[in-house]
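The primary structure of each chain is shown beneath.
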Amino acid sequence: AVSFKNSQSANCRLGMCHRHEGRHKLAHHYLWHAVTLDPTSTDAVCNLAALHIETGENEQSVKLCLRALQLDPNNARGFGTLGLALLRLGSVDDALECLRIAEKLEPNPTTCSNLGSVLNDFGDTLAASKLLK
């Protein structure tokens, strides 16, 4: 039998599979193990941060995003996830700034949608329409 116990990437993928299936405890187990195996993996750290948003642990998500951004100051996913966590904590201006940075660093459907949706929710429909094409 093949053991994935010490494979950071396998643990990260297993964690993401469980996260997408809504099995948050198992997702946390595997993602935390992935981060433990490679604390410099911004992918694993950001995945764990996103899971914390889904489980309402927004403060923990912020801490993890800041950790990812220390490792890679140009990490669009780190900024995007940080923006979503800050939004849930009520820090709208800081959240928008993070989402704008994420969109500038990596303009893709996810970053555009996240920023556009928040702008739309807060009444900037013109700016939102440009992002939500």
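Structure report, in brief. Throughout this description, residue numbers start from 1 for each chain and increase along the sequence as written. Given that this is a predicted model, residues contribute local features only at a pLDDT of at least 70 and side-chain atom pairs are listed and counted only at 80 or more, while totals for whole chains, interfaces and linings are drawn from all residues. Derived side-chain values reflect all non-hydrogen atoms in the structure, with water molecules and hydrogen atoms excluded from consideration.

## Here we look at the environment of Asp 121
Link 1 in the chain: Note on conventions: DSSP H or I runs of at least 4 residues are helices, E runs of at least 2 residues are strands, and numbering of each starts at the N terminus. With respect to the helices and strands, the residue Asp 121 is situated in helix 7 (residues 109–121).
Link 2 in the chain: C-alpha of Asp 121 to C-alpha of Gln 8: the two residues are 113 residues apart in sequence and 38 Å apart in space.

## Comments concerning the side chain of Asn 75
Link 1 in the chain: Of note, Asn 75 is situated in the loop between helix 4 (58–71) and helix 5 (76–88).
Link 2 in the chain: Think of it in three bands: residues with accessible area under 20% of the maximum for their type are buried, residues over 50% are exposed, and the middle band is partly exposed, with areas taken using a 1.4 Å probe on protein chains only. Residue classification places Asn 75 among the buried residues on the basis of a relative accessible area of 9%.
Link 3 in the chain: Engagement of the side chain of Asn 75 in a polar contact is seen with the backbone nitrogen of Gly 78, the distance being 2.6 Å.
Link 4 in the chain: Residues count as neighbours in contact if any of their non-hydrogen atoms are within 4.5 Å of one another. Among all residues touching Asn 75, those that are not within four sequence positions of it are Thr 42, Cys 46, Leu 69 and Leu 105. The definition of a polar contact used here is a pair of N or O atoms within 3.5 Å, where within protein one atom must be able to donate a hydrogen and the other to accept one, and adjacent residues in sequence count solely through side-chain atom pairs.

## Quick word on the environment of Cys 65
Link 1 in the chain: You can see Cys 65 is positioned in helix 4.
Link 2 in the chain: When the C-alpha atoms of Cys 65 and Ala 49 are compared, they prove to be 6.3 Å apart, with 16 residues separating the residues in sequence.
Link 3 in the chain: If sequence neighbours within four positions are ignored, Cys 65 has contacts with Ala 49, Gly 78, Thr 81 and Leu 82.

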